[in-house]
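Residues per chain, in single letters:
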Amino acid sequence: MSVYETTLHELQNDLTRAMKTSNTEGKSVVRQLMTSIKNGAIAKKRDLDQLEITEIIVREAKQYGEAFDAAVKSQRKDLIEKTRTELAIVESYLPARLS
């Protein structure tokens, strides 16, 4: 299996787990990640490598981070908690940072 297929398989398993536990934020985030990765592969007309997949996940994390910042600035407590949870889910797919 390629890195691309392995990543999509892992995401599909996580989506199934989120659906079984009724984790709405988890379902939403995993679906968004899967869609972004698949769209990246379609745009390049080939399977993506690990670096390209990581770049997509970083881009998604940045978008969720911006949404979190906007929720904090608007003082929307409901959105703050939701976007914080979503951002944590996306970041869980990023490789560990070196210190």
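Definitions and limits used
- Residues numbered from 1 in each chain as written.
- Predicted model: local features only at pLDDT ≥ 70, side-chain atom pairs only at ≥ 80, totals over all residues.
- Heavy atoms only, no water.
- Salt bridge = Lys/Arg side-chain N within 4 Å of Asp/Glu carboxyl O.
- Buried < 20%, exposed > 50% of the residue type's maximum accessible area, 1.4 Å probe, protein only.
- Helix = DSSP H or I, 4+ residues; strand = E, 2+ residues; numbered from the N terminus.
- Axes fitted to C-alpha atoms, helices over the stretch in contact; angles between N-to-C directions.
- Parallel < 35°, antiparallel > 145°, perpendicular 65-115°, else oblique.
- Left-handed = near helix turned anticlockwise from the far one by under 90°.
- Contact = heavy atoms within 4.5 Å.
- Nonpolar A, V, L, I, M, F, W, Y, C, P; charged D, E, K, R; others polar.
- Polar contact = N/O pair within 3.5 Å; in protein donor to acceptor, adjacent residues only side chain to side chain.

*Asks:* In this structure, what is going on with the pattern of salt bridges? I would like to understand it.
*Replies:* Pairing of side chains with opposite charge becomes possible as their charged atoms draw close. Scanning the model with the defined rule gives six salt bridges in all. Here Arg 76 ties to Asp 78 by a salt bridge, and the two come within 3.2 Å at their closest N and O atoms. For Arg 76, a relative accessible area of 39% gives the class partly exposed. Between Arg 84 and Glu 81 there is a salt bridge, with its nearest N and O atoms 3.3 Å apart. Of this pair, Arg 84 and Glu 81 both sit in helix α4 (residues 77-91), separated by three residues, roughly a single helical turn. Arg 84 gets classed as partly exposed once you look at its relative accessible area, which sits at 42%. Counted as one network, the salt bridges with shared partners bring together Lys 44, Arg 46 and Glu 52.

*Asks:* Is there a simple way to explain the packing of helix α2 (residues 24-44) against helix α3 (residues 50-73) in this structure?
*Replies:* Pairs of packed helices are described in terms of their axes, by the angle between the two and the distance that separates them. Orientation of α2 relative to α3, taken along the N-to-C sense of each, is 135°, at an axis distance of 10 Å. On the basis of their axis angle, the class for α2 and α3 is oblique. Between α2 and α3 the crossing geometry is right-handed. Along the contact surface, α2 presents Val 29, Gln 32, Leu 33, Ser 36, Ile 37, Gly 40 and Lys 44, while α3 presents Glu 52, Ile 53, Ile 56, Ile 57, Glu 60 and Tyr 64. Here the contact of α2 with α3 is built from residues that sort into seven nonpolar, three polar and three charged.

*Asks:* Sorry if this is basic, but what is going on with the side chain of Thr 83 here?
*Replies:* Along the polypeptide, Thr 83 turns up in helix α4. A distance of 3.3 Å separates a polar atom in the side chain of Thr 83 from the backbone oxygen of Ile 80. Ignoring anything within four residues of it in the chain, the contact list for Thr 83 reads Ala 67, Phe 68 and Ala 71.

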